[in-house]
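# Report on the structure
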Amino acid sequence: MSSLFPLVSFHITLLLAAFVCIQGQQTTVKDVDGNPVLIGKQYFIQPVSAGGPLVPTPLSISSFCPLGITLIPLPFVWGPPVTFANGWSASPKTIVDTSSDITIEFKSNTAWPVCNEFSKFWKVNDSSSEPAIVIGGRPSRPEESWFRIRSAGVNIYEFSSSAKSIGTAPRSWFGLPQLILTNDNAKTLFVTFKKLGDAITSTPRIEKLGLRTLAVN
């Protein structure tokens, strides 16, 4: 019987080592200024290579709501900010890290003229091979509304869900890149985060223009 104790001790040691290893893989997500990204604070998402903001737009002329998310190729312009929240509402985390399940929600000082029956949370639209990322998520639904942030360089990141990355494909009006969930690394969207207050404190011009366009259409 006593011979079991070394074996049990060995397995406990392995489990502890695995736990330490997993903990060591947790990386704090940082904004472009090198500061930790905080739960509940507002941040602008700025794509790295394409440049320009992420803006809510209809998926197509025939599918107005829920709104999709389109990359507008206007460098040095900000879109609506987002906040990150813990997927598990009871989580004590106050800083976003690469092991966090999070929700992403658009914030705006401007009333949206359309689709107000939907929430402003991001979600995966369906179970197709490359579903669109749309607005209207429910934080209580992990399979559609929980995401993670992966490190892709110094203060550069990508979003993921269900082991896939968020990328872009030319699907929206005028063939502009629209956010999708994909396994194709060539489509992956790389982003940085800029804290609201460190950049622009008023409603971004691109948001005003985008919402005005929605109202006209």
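A brief look at the structure comes next. Fair warning: this is a prediction, and the values are worked out from it, not measured in the lab.

### Notes on the pairing of strand S4 (residues 82-86)
Taken across its five residues, S4 has four buried, putting it largely inside the fold. Bridge count for strand S1 (residues 42-47) against S4 is two bridges, and the pairing is antiparallel. Considered in S4, the bridge of Gln 42 is made with Thr 83.

### Some details on the environment of Thr 70
Along the chain, the position of Thr 70 falls in strand S3 (residues 67-71). Residue classification places Thr 70 among the buried positions, given a relative accessible area of 1%. In the structure, Thr 70 is positioned 105 residues away from Gly 175 in sequence and 9.9 Å away in space, judged by C-alpha atoms. Polar side-chain contacts of Thr 70 include one of 2.4 Å to the side chain of Thr 57.

### Let's talk about the packing of aromatic side chains
The relative placement of two aromatic rings is captured by the distance of their centres and the angle of their planes. Evaluation of the coordinates by the stated rule reveals nine aromatic pairs. With a centroid separation of 6.3 Å and 35 degrees between ring planes, the pair formed by Tyr 43 and Phe 84 is classed as tilted. Placement of the pair is Tyr 43 in strand S1 and Phe 84 in strand S4, with a sequence separation of 41 residues. Accessibility classification places Tyr 43 together with Phe 84 in one group, the buried group. Note on Trp 88 and Trp 146: the rings are 5.1 Å apart at their centroids and 75 degrees apart in plane angle, and the pair reads as edge-to-face. Residue Trp 88 is located in the loop between S4 and strand S5 (102-106), and its partner Trp 146 is located in the loop between helix H2 (142-145) and strand S8 (148-153); the two are separated by 58 residues in the primary sequence. One aromatic cluster in this structure is built from Tyr 43, Phe 84, Phe 106, Trp 122, Phe 147, Tyr 157, Phe 159 and Phe 193.

### Looking at the pattern of salt bridges
Charged atoms that come close allow side chains of opposite charge to pair. Applying the stated criterion to the full structure yields nine salt bridges. As a salt-bridge pair, Asp 33 and Lys 194 come within 3.1 Å of each other at their nearest N and O atoms. With Asp 33 in the loop between helix H1 (4-24) and S1 and Lys 194 in strand S12 (residues 191-195), the pair connects residues that are 161 residues apart, well separated along the chain. For Asp 33, a relative accessible area of 42% translates into the label partly exposed.

### Overview of the pairing of strand S9 (residues 156-161)
Among the six residues of S9, five are classified as buried, and the element is accordingly described as predominantly covered. As judged from the five bridges shared by S8 and S9, these two strands associate in the antiparallel manner. The partner of Arg 150 across the bridge, within S9, is Glu 158. Counted along the chain from S8 to the antiparallel partner S9, the turn is two residues long, and its residue Asn 155 has a positive phi close to 60 degrees. Note: S9 against strand S10 (residues 164-170), two bridges, orientation antiparallel. Residue pairing across strands places Ser 160 opposite Ser 165, the latter belonging to S10. Connecting S9 to the antiparallel partner S10 that follows it, the hairpin turn spans two residues, and Ser 162 within it adopts a positive phi of roughly 55 degrees.

The rules behind these values
Residues numbered from 1 in each chain as written. Predicted model: local features only at pLDDT ≥ 70, side-chain atom pairs only at ≥ 80, totals over all residues. Heavy atoms only, no water. Buried < 20%, exposed > 50% of the residue type's maximum accessible area, 1.4 Å probe, protein only. Helix = DSSP H or I, 4+ residues; strand = E, 2+ residues; numbered from the N terminus. Pairing = 2+ DSSP bridges. Polar contact = N/O pair within 3.5 Å; in protein donor to acceptor, adjacent residues only side chain to side chain. Phe/Tyr/Trp six-rings, centres within 6.5 Å; stacked < 30°, edge-to-face > 60°. Salt bridge = Lys/Arg side-chain N within 4 Å of Asp/Glu carboxyl O.

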